[in-house]
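# Reading the structure
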Amino acid sequence: QLQACGGGLVQPGGSLRLSCVASGRPFSTDAMAWFRQAPGKEREFVAGMSRRGSSEYYADSAKGRFTISRDNAANTLYLQMNGLEFEDTAVYYCAASQRYGRSSYLRNVDVDCWGQGTQVTVSS
């Protein structure tokens, strides 16, 4: 099970930190990622990290603004989001993949466990 939190309402240029706590699964051997889904759009990859944190990968929209990290001792995944823009408004999901634990990029079909989502709204 994955439990995400940290979303909210923020002004353009603001920051948020999302967290995702894993329970009941082998977090330290899972590749982890953040996806997002805006209204009327498909769910898209935002950022991912391999199981030991040795590699990370970002969508172009996230590069230079978002930072993914993980604490395997605490079974927790993070996404630090800075310089938020209107286009970042979406429901953000954390995701895990045991099959692709060494990967830092995940496709939707690679994910074997999804979190429940947390809403991020960027508005003035």
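Data block above holds the structure.
A short tour of the structure in this document, coming up.

Looking now at the pairing of strand β8 (residues 76-81). Each regular strand shows side chains that alternate between the opposite faces of the sheet. Among the six residues of β8, five are classified as buried, and the element is accordingly described as predominantly covered. As paired elements, strand β7 (residues 66-71) and β8 share six bridges and run antiparallel to each other. Looking across to β8, one finds that Ser69 is bridged to Tyr78. In textbook terms, the turn of a hairpin is the stretch between consecutive antiparallel strands, and for β7 and β8 this stretch comprises four residues, one of which, Asn75, has a positive phi near 55°.

A word on the side chain of Asp30. Within the element layout of this structure, Asp30 appears in the loop between β3 (16-22) and β4 (31-37). For Asp30, a relative accessible area of 0% puts it in the buried group. At a separation of 2.5 Å, a polar atom in the side chain of Asp30 contacts the side chain of Gln98. Apart from the residues lying within four places of it in its own chain, the contact partners of Asp30 are Arg25, Ser50, Arg51, Arg70, Ala96, Ser97, Gln98 and Gly101.

This next bit is on the state of the cysteines. Note on terminology: a disulfide is the covalent bond linking the sulfur atoms of two cysteines. Using the criterion set out here, one finds one disulfide in the structure. Of all cysteine sulfurs in the structure, the one in Cys20 sits closest to Cys5, which takes part in no disulfide; the separation is 8.4 Å. Its sulfur unpaired, Cys113 is 7.7 Å from the next cysteine sulfur, which belongs to Cys94. We classify Cys113 as buried; its relative accessible area is 14%.

Note: strands within a sheet are paired through backbone hydrogen bonds, in either parallel or antiparallel orientation. Within the open sheet, the four strands sit side by side as β1-β3-β8-β7. Their pairing is antiparallel. Each edge of the open sheet is held by one strand with a lone partner, namely β1 (2-5) and β7. Across the sheet, the mean angle separating the axes of adjacent strands is 15° when strand polarity is ignored.

Once that is clear, we can look at the pattern of salt bridges. Here the idea is simple: oppositely charged side chains can pair when their charged atoms come close. Inspection of every chain in the model, using the stated rule, returns seven salt bridges. Asp112 serves as the salt-bridge partner of Arg25, at 2.8 Å between the closest nitrogen and oxygen. Placement of the pair is Arg25 in the loop between β3 and β4 and Asp112 in the loop between β9 (90-97) and β10 (113-114), with a sequence separation of 87 residues. Assessed through its relative accessible area of 18%, Arg25 is described here as buried. Judged by its relative accessible area of 37%, Asp112 is partly exposed. A salt bridge links Arg36 to Asp88; the nearest nitrogen and oxygen atoms lie 2.9 Å apart. Of the two residues, Arg36 sits in strand β4 while Asp88 sits in the loop between β8 and β9, which places them 52 residues apart along the sequence. Both residues of the pair, Arg36 and Asp88, belong to the buried class. Members of the salt-bridge network, linked through shared partners, are Arg36, Glu44, Arg65 and Asp88.

Thresholds applied
- Residues numbered from 1 in each chain as written.
- Predicted model: local features only at pLDDT ≥ 70, side-chain atom pairs only at ≥ 80, totals over all residues.
- Heavy atoms only, no water.
- Buried < 20%, exposed > 50% of the residue type's maximum accessible area, 1.4 Å probe, protein only.
- Helix = DSSP H or I, 4+ residues; strand = E, 2+ residues; numbered from the N terminus.
- Pairing = 2+ DSSP bridges.
- Polar contact = N/O pair within 3.5 Å; in protein donor to acceptor, adjacent residues only side chain to side chain.
- Contact = heavy atoms within 4.5 Å.
- Disulfide = S-S within 2.5 Å.
- Axes fitted to C-alpha atoms, helices over the stretch in contact; angles between N-to-C directions.
- Salt bridge = Lys/Arg side-chain N within 4 Å of Asp/Glu carboxyl O.

Functional significance is not addressed by these values, which are geometric in nature.
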